[in-house]
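Chain by chain, the residues:
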Amino acid sequence: ETGVTQTPRHLVMGMTNKKSLKCEQHLGHNAMYWYKQSAKKPLELMFVYSLEERVENNSVPSRFSPECPNSSHLFLHLHTLQPEDSALYLCASSQVVLRGRPGELFFGEGSRLTVL
Amino acid sequence: GEDVEQSLFLSVREGDSSVINCTYTDSSSTYLYWYKQEPGAGLQLLTYIFSNMDMKQDQRLTVLLNKKDKHLSLRIADTQTGDSAIYFCAESTVSGNTGKLIFGQGTTLQVKP
């Protein structure tokens, strides 16, 4: 138990569906992240929210839409996805620190997404 | 740019030492990390090293950093079957007040009994 909970753990959706992934952290952290994990590829940082403001968007397609209503919750809204979007989506949280060291990232167990 | 590279697979026998290697590109990284991912789980921090250090030892784990060559390695002594997992190297960068971690592809460690 890392203190970061993701739901659902598994999701199968068609290309025309709309679904959302949810992440909740119970660690009192003030930064949250979405990463995409595909086989044999580097872990890909998708979005960073620090103090509830989006500070990073690595040119992720607009069919992925993040939402961070407060420092404990993070969502990833999905619509009109493609089969190549099938992957494990990992949420993480950390404490923002100044001048150098990013706080340790605590990861959830991931949401395994399959797009048919 | 930011890039982290690792070999994809390593197989060792139980009791042997494992050495997992990583190269990174951002010379300004202040910390470098090793994370472990067990099947069906998220990543968990194993250890980290500050960029002004050459070596860090923590029980069975030894991290070596060659800053000149931007090369990081993780040595696991007396490897056990429970060490079988994917190991990720990560470098840290800071943008404003927010740090982010750039990960490699992960090295799958297979430990044979």
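Computed from a predicted structure; not experimentally measured. As a convention, each chain's residues are numbered from 1 in the sequence order in which they are written. Chain labels run from A onward and ligand labels from 1 onward, assigned in the order the entries are written. Predicted model: local features are reported for residues with pLDDT of at least 70 only, side-chain atom pairs are reported and counted for 80 or more only, and whole-chain, interface and lining totals are derived from all residues. Values reported for side chains reflect all heavy atoms of the structure, with hydrogen atoms and water molecules removed beforehand.

**Focus on the overall build of chain A**
Phase 1 of the analysis: Looking only at helices and strands, chain A has zero helices and 11 strands in total.
Phase 2 of the analysis: Secondary structure elements follow DSSP: runs of H or I of four or more residues count as helices, runs of E of two or more count as strands, with numbering from the N terminus. Going from the N terminus to the C terminus, chain A shows its helices and strands as β-β-β-β-β-β-β-β-β-β-β.
Phase 3 of the analysis: This radius of gyration counts C-alpha atoms alone. The globule rule is 2.2 Å times how many residues there are, raised to the power 0.38. Against the compact-globule benchmark of 13 Å for 116 residues, chain A has a radius of gyration of 14 Å, which places it among compact chains.
Phase 4 of the analysis: Dimensions of chain A, computed from the C-alpha atoms along their principal axes, are close to 45 × 30 × 30 Å.
Phase 5 of the analysis: The contact criterion used throughout is that any non-hydrogen atoms of two residues lie within 4.5 Å. Summarising the internal contacts of chain A: among those between residues at least 6 apart in sequence, 54% fall at separations of at least 24.
Phase 6 of the analysis: Note that His is not counted, nor are the chain ends; the positive residues are Lys and Arg, and the negative ones are Asp and Glu. To locate a charge, the coordinates of NZ of Lys, CZ of Arg, CG of Asp or CD of Glu are taken. Across chain A, 12 positive and 11 negative side-chain charges occur, with their mean positions spaced 6 Å apart.

**A look at the state of the cysteines**
Residues and elements named next belong to chain B.
Phase 1 of the analysis: The term disulfide is used for any two cysteine sulfur atoms that are within 2.5 Å. In this structure the tally under the stated criterion is two disulfides over all chains.
Phase 2 of the analysis: At a sulfur-sulfur separation of 2.0 Å, the disulfide partner of Cys22 is Cys89. Here the disulfide of Cys22 and Cys89 is left-handed, its torsion about the S-S bond being about -65°. Here Cys89 lies in strand E9 (residues 85–95) and Cys22 lies in strand E3 (residues 18–24), a separation of 67 residues in the sequence.

**Regarding the pairing of strand E2 (residues 10–13) of chain A**
Residues and elements named next belong to chain A.
Phase 1 of the analysis: Only protein chains enter the area calculation, which uses a 1.4 Å probe; residues under 20% of their type maximum are buried, those over 50% are exposed, and those in between are partly exposed. Only one face of E2 is buried, namely the one carrying Leu11 and Met13, since none of His10 and Val12 on the opposite face is buried.
Phase 2 of the analysis: Where E2 meets strand E11 (residues 111–115), four bridges bridge the pair, whose relative direction is parallel. Counted as the bridge partner of Val12 is Thr114 from E11. Strands are treated as partners if at least two bridges between them are detected by DSSP.

**Considerations on the nonpolar core**
Phase 1 of the analysis: Membership of the largest hydrophobic core comes to 22 residues, with the highest contact counts inside it found for Trp34, Phe64, Leu76 and Leu78 of chain A.
Phase 2 of the analysis: Listed by contribution, the elements that provide at least two residues to this core are E2, strand E3 (18–25), strand E4 (31–37), strand E5 (44–50), strand E7 (64–70), strand E8 (73–79), strand E9 (87–94) and E11 of chain A.
Phase 3 of the analysis: In terms of nonpolar packing, the next biggest core, distinct from the first, is built from 21 residues, Leu88 and Leu105 of chain A together with Tyr35 and Phe88 of chain B among them. Residues grouped as a nonpolar core are buried Ala, Val, Leu, Ile, Met, Phe, Trp, Tyr and Cys residues, joined through side-chain atoms within 4.5 Å.

**Comments concerning the interface of chain A and chain B**
Phase 1 of the analysis: Facing 26 residues of chain A, the contacting portion of chain B comprises 23 residues.
Phase 2 of the analysis: For the pair chain A and chain B, the summed buried surface comes to about 2,000 Å²; carbon and sulfur atoms form 60% of the total.
Phase 3 of the analysis: When a carboxyl oxygen of Asp or Glu is within 4 Å of a side-chain nitrogen of Lys or Arg, the pair counts as a salt bridge. Counting across the interface, chain A meets chain B through zero salt bridges.
Phase 4 of the analysis: Polar contact is the term for a pair of N or O atoms within 3.5 Å; when the atoms are in protein, one must be able to donate a hydrogen and the other to accept it, and sequence-neighboring residues count only if both atoms are side-chain atoms. There are five residue pairs in polar contact (both at pLDDT 80 or more) connecting chain A and chain B.
Phase 5 of the analysis: Breaking the side of chain A that touches chain B down by element, the ones donating at least two residues are E4, E5, strand E6 (53–57) and E9 of chain A. The buried area of a pairing is the accessible area, by a 1.4 Å probe, that goes missing from both parts when the two are put together, added over both.

**Here we look at the packing of aromatic side chains**
Phase 1 of the analysis: Planes of paired rings set the category: under 30 degrees apart is stacked, over 60 is edge-to-face and the rest tilted, where pairs are Phe, Tyr or Trp rings (Trp by its six-membered ring) whose centres lie within 6.5 Å. Taken as a whole and assessed by the stated rule, the structure comprises 13 aromatic pairs over all chains.
Phase 2 of the analysis: Between Phe64 of chain A and Tyr89 of chain A, the ring centres sit 5.8 Å apart and the planes meet at 35°, which makes this aromatic pair tilted. Within this pair, whereas Phe64 of chain A is found in strand E7, its partner Tyr89 of chain A is found in strand E9, the two being separated by 25 residues in sequence.
Phase 3 of the analysis: Phe64 of chain A gets classed as buried once you look at its relative accessible area, which sits at 5%.
Phase 4 of the analysis: Tyr89 of chain A sits in the buried class, given a relative accessible area of 0%.
Phase 5 of the analysis: Between Tyr33 of chain B and Tyr48 of chain B, the ring centres sit 6.1 Å apart and the planes meet at 40°, which makes this aromatic pair tilted.

**Looking at the environment of Pro8 of chain A**
Phase 1 of the analysis: Relative to the assigned elements, Pro8 of chain A resides in the loop between strand E1 (4–7) and E2.
Phase 2 of the analysis: Along the sequence, Pro8 of chain A and Ser111 of chain A sit 103 residues apart, while their C-alpha atoms lie 5.9 Å from each other.

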